[in-house]
Amino acid sequence: MTAPTLTALRPLTLGRHQVWPPVVLAPMAGITNVGFRRLCREQGGGIYVCEMITTRALVERNPKTLRMIAFGEDEQPRSLQLYGTDPEITAAAVRIVVEQDLADHIDLNFGCPVPKVTRRGGGSALPWRRRLFARLVKAAVDAASPAGVPVTVKMRKRIDDDHLTYVEAGLAAQDAGVAAVALHGRTAAQRYSGTADWDAIATLKQALDVPVLGNGDIWEADDALRMVAHTGVDGVVIGRGCLGRPWLFADLEAAFNGRPERRLPTLGEVAVTMRRHAELLVDQFVAGARNPARGERDGCTDFRKHVAWYLKGFPVGSELRRSLAMIDSLAQLDDLLGKLDPSAPFPVETLGQPRGRTNSPGKVFLPDGWLASRDDDTVPDGAELDDSGG
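This is a predicted model, so every value here is computed, not measured. (Residues numbered from 1 in each chain as written. Predicted model: local features only at pLDDT ≥ 70, side-chain atom pairs only at ≥ 80, totals over all residues. Heavy atoms only, no water.)

Before going further, it helps to examine helix H7 (residues 166–176). For H7, the full list of buried residues reads Tyr-166, Ala-169, Gly-170, Ala-173, Gln-174 and Ala-176. For H7, the angular spread of the buried residues around the axis is 160 degrees, confining them to a single face. At the exit of H7 stands Gly-177, carrying a positive phi of roughly 105 degrees. (Buried < 20%, exposed > 50% of the residue type's maximum accessible area, 1.4 Å probe, protein only. Helix = DSSP H or I, 4+ residues; strand = E, 2+ residues; numbered from the N terminus. Arc of directions from axis to C-beta.)

Interaxial distance between helix H11 (residues 267–287) and helix H15 (residues 330–337) falls to 11 Å at its minimum, and their mutual angle equals 175 degrees. Here H11 lies roughly antiparallel to H15, going by the angle between them. Contacts between H11 and H15 involve Ala-271, Met-274, Arg-275, Ala-278, Glu-279 and Val-282 from the first element and Leu-330, Leu-333, Asp-334 and Leu-337 from the second. Here the residues of the contact of H11 with H15 are counted per class, giving 7 nonpolar, no polar and 3 charged. (Axes fitted to C-alpha atoms, helices over the stretch in contact; angles between N-to-C directions. Parallel < 35°, antiparallel > 145°, perpendicular 65-115°, else oblique. Contact = heavy atoms within 4.5 Å. Nonpolar A, V, L, I, M, F, W, Y, C, P; charged D, E, K, R; others polar.)

As a further point, take the nonpolar core. One finds Leu-108 and Val-137 to be the most contacted residues of the largest nonpolar core, which totals 78 residues. The element that contributes the greatest number of residues to this core is helix H6 (residues 130–144), accounting for 9 residues. In this view, Val-137 contacts Leu-108, Phe-110, Val-153, Ala-173, Ala-176 and Val-178; residues no more than four positions away in its chain are not counted. Residues Ala-271, Met-274, Leu-337 and Phe-346 belong to the second largest nonpolar core, which totals 27 residues. (Core = buried A, V, L, I, M, F, W, Y, C linked by side-chain atoms within 4.5 Å.)

All right, on to empty space enclosed by the protein then. Scanning all chains against the criterion turns up 3 cavities of 30 Å³ or more. As a volume, the largest cavity reaches approximately 110 Å³. What lines the largest cavity is a set of 16 residues, and nearest its centre among them are Val-24, His-105, Asp-107, Thr-152 and Leu-213. Sorting the residues of the lining of the largest cavity by element identifies strand E1 (12–14), strand E7 (105–110), strand E8 (151–156) and strand E9 (180–184) as the ones contributing at least two each. Of the residues belonging to the lining of the largest cavity, the class tally is 12 nonpolar, 2 polar and 2 charged. (1 Å grid on protein atoms, 1.4 Å probe; cavity = no way out; pocket = protein on both sides within 12 Å on 5 of 7 lines; lining within 4 Å. Points joined across faces, edges and corners; volume = space filled by probe spheres on them.)

Attention shifts here to the state of the cysteines. Counted according to the given criterion, the structure contains 0 disulfides. Here Cys-40 stays unpaired: no disulfide links it, and the sulfur of Cys-242, its closest cysteine neighbor, is 4.9 Å away. Of all cysteine sulfurs in the structure, the one in Cys-40 sits closest to Cys-300, which takes part in no disulfide; the separation is 19 Å. Judged by its relative accessible area of 0%, Cys-300 falls in the buried class. (Disulfide = S-S within 2.5 Å.)

Moving on: the sheet that holds strand E11 (residues 235–238). Spatial ordering of the open sheet is given by E4-E3-E11-E10-E9-E8-E7-E6-E5, a layout of 9 strands whose pairing is parallel. Looking along the sheet, the strands with just one partner apiece sit at the ends: strand E4 (47–48) and strand E5 (53–54). Alignment of strand E3 (residues 23–25) against E4, held across 2 bridges, turns out to be parallel. Counterpart to Val-24 in the pairing with E4 is Ile-47. Where helix H8 (residues 198–207) meets the sheet, it contacts E8, E9 and strand E10 (212–215), and its direction lies at approximately 175 degrees from that of E10. (Pairing = 2+ DSSP bridges.)

A few words now on the pattern of salt bridges. Summed over the entire model, instances satisfying the criterion amount to 28 salt bridges. Of the charged contacts, one joins Lys-305 and Asp-302 as a salt bridge, the two residues approaching to 3.0 Å between their closest N and O atoms. Residue classification places Lys-305 among the partly exposed positions, given a relative accessible area of 34%. Under the relative-accessibility criterion, Asp-302 is labelled buried at 13%. In this structure, a network of salt bridges that share partners links the residues Arg-38, Glu-42, Arg-275, Arg-276, Glu-279 and Asp-334. (Salt bridge = Lys/Arg side-chain N within 4 Å of Asp/Glu carboxyl O.)

Set out below in structure tokens:
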């Protein structure tokens, strides 16, 4: 199949930052740490966002949260996503980011659909309360603008099919001064099921003057080109599509530069990438540990969740898969990777298939009375989360 042709795109402008290709790695809890982001950046350009940081945890100097705000020395721009529900706490958190030079770009999370977030009125639930949403975004922009730090927002279409918010919220965010708006073309009720609504992304692009980024169902680089052609967006956000496939960012860079090459690595090449990923995680955990042996074990433990994604579709026996998902050291990983068939070809039947979470639609849990008034801008009791990362 011939790849779609690319319409004329310019670099994505976020404040003083010019980003090419216009590709953003979405923050994913437990995934987009320093090691994984470096692995992806080694493949291609873009913006690579760290794990979600909660505003209250940052303001209260939660030790876990402070450890999560970590970037590589060569990581530019440093991109940080904040989650909050209280405009005052959000502004305080942004001021900390600015005053302590913790990041070069701030994204605000209005897309998270998980119950522990939405039942407090946060994430994808918050845009329904339009005055509270506008206040929060304006507070963040006002706190960041004196330092020239751009603020963006990422959101979903709505809570469910009966509670539409994305165009109104996009316009409110634009009025508040955001640098860009990203839309995941699903409702909170859909979670990660079904098909992303690219028509909704096109509608938002037509409604806004600021750059719009599209998110949802980009499994291959050519999907990104199709989204751009279908919606006219200024860039794309990559989430689950890169799980076990960090070379997707190499394909995306090639695609946005008009080149046809796409990577189909053999199992041996995938093993090299797996080893590099584990090594970067070990380096990250060793740097933050008092005991290097403990750091290596923690890094290998963190790597385990990626094994199934890397090996999806390859002819690898269940016992070897299980052993790889239980490693405690790089030496153990090296021994097990040596048992793989390096000549096994890439399983092309997995191209375009969903990766990561593929759950069913479900009820969106909300605070009592949340849907009763769109103009109530009261912060719900107990709305702020005190830990980070999901």
